[in-house]
Amino acid sequence: MVDENEKLLPIANVGRIMKQILPPSAKISKQAKETMQECSSEFISFVTGEASDKCHKENRKTVNGDDICWALSSLGFDNYAEGMGRYLHKYREFERERANQNKANSGFATGEERDEQIAHSPTAFELRVLEKGGSSSLTKPS
């Protein structure tokens, strides 16, 4: 049987994400972190379950980013689906460019070049809903 805590996101990560949006002097209670931990974990499970059901109906075993976008939209989270779709497009574009660059470099990238590639990786980006209207943007964490 799976321990209940194993189904939850790590509380330190949840707290770190919460702190990024708050003023530096703000404090976050343990109860607030635990509540966000449970809610965010449940949200991820909810969306992933919907995407998984779609894959099962289509006789596929792998849930991909497009399935997650579809699930967000079908569950009524259209603003998030649009932002996630834009992120997914940029991520795939970056991965294609990186693969082409790796082929061109034939694995001879210097340590500095690798550090630069990692620093600009979209996996280090965060998707944030900036406006009440739901427009999204990709921003680098500070």
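All values reported here derive from a predicted model rather than from experimental measurement.

## Considerations on the environment of Ile17
Structurally, Ile17 can be placed in helix H1 (residues 11-21). C-alpha of Ile17 to C-alpha of Lys33: the two residues are 16 residues apart in sequence and 10.0 Å apart in space.

## Details of helix H3 (residues 65-74)
Every buried residue belonging to H3 is among Asp67, Cys69, Ala71 and Leu72, and all of these are buried. Of the surrounding elements, those touching the buried residues of H3 are helix H2 (30-57) and helix H4 (78-105). Taking the backbone nitrogen of Asp66 as reference, a side-chain oxygen 2.9 Å away marks Asn64 as the first, capping residue of H3. Count one or two residues on from H3 and you reach Gly76, which has phi positive near 95°.

## Focus: unusual backbone geometry
The residue Asn59 is not glycine, and still its phi comes out positive at about 55°. The topology assignment puts Asn59 in the loop between H2 and H3.

## Concerning the side chain of Gln37
Inspection of the secondary structure assignment puts Gln37 in helix H2. Take Gln37: its relative accessible area is 11%, and that puts it in the buried class. In contact with Gln37, not counting residues within four places along its chain, are Leu8, Leu9, Pro10, Ile11 and Val14.

## Digging into the nonpolar core
Val47, Ala51, Ala71, Leu72 and Ala81 together form the largest nonpolar core, which totals five residues. Listed by contribution, the elements that provide at least two residues to this core are H2 and H3. Setting aside residues up to four positions removed in sequence, Ala81 forms contacts with Cys69, Leu72 and Ser73.

## A short note on H2
Relative to the 40 Å expected for 28 residues at 1.5 Å per residue, H2 spans 41 Å between its end C-alpha atoms, a close match to the ideal helical length. Restricting attention to buried positions, one finds in H2 the residues Gln37, Ser41, Val47, Ala51, Lys54 and Cys55. Buried residues along H2 sit in contact with H1 and H3. Once H2 finishes, Asn59 follows within two positions and takes phi at roughly 55°, a positive value.

## A short note on the packing of H3 against H4
H4 packs onto H3 with a crossing angle of 165° between their chain directions and a minimal axis gap of 8 Å. As summarised for this structure, H3 and H4 are arranged roughly antiparallel, according to the angle between their axes. Note that H3 runs across H4; the crossing there is left-handed. Contacts between H3 and H4 involve Gly65, Asp66, Cys69, Leu72 and Ser73 from the first element and Asp78, Tyr80, Ala81, Met84, Gly85, Leu88 and Arg92 from the second. Looking at the contact of H3 with H4, its residues break down into six nonpolar, three polar and three charged.

The rules behind each value
Residues numbered from 1 in each chain as written. Predicted model: local features only at pLDDT ≥ 70, side-chain atom pairs only at ≥ 80, totals over all residues. Heavy atoms only, no water. Helix = DSSP H or I, 4+ residues; strand = E, 2+ residues; numbered from the N terminus. Buried < 20%, exposed > 50% of the residue type's maximum accessible area, 1.4 Å probe, protein only. Contact = heavy atoms within 4.5 Å. Polar contact = N/O pair within 3.5 Å; in protein donor to acceptor, adjacent residues only side chain to side chain. Core = buried A, V, L, I, M, F, W, Y, C linked by side-chain atoms within 4.5 Å. Expected span 1.5 Å × (residues − 1). Axes fitted to C-alpha atoms, helices over the stretch in contact; angles between N-to-C directions. Parallel < 35°, antiparallel > 145°, perpendicular 65-115°, else oblique. Left-handed = near helix turned anticlockwise from the far one by under 90°. Nonpolar A, V, L, I, M, F, W, Y, C, P; charged D, E, K, R; others polar.

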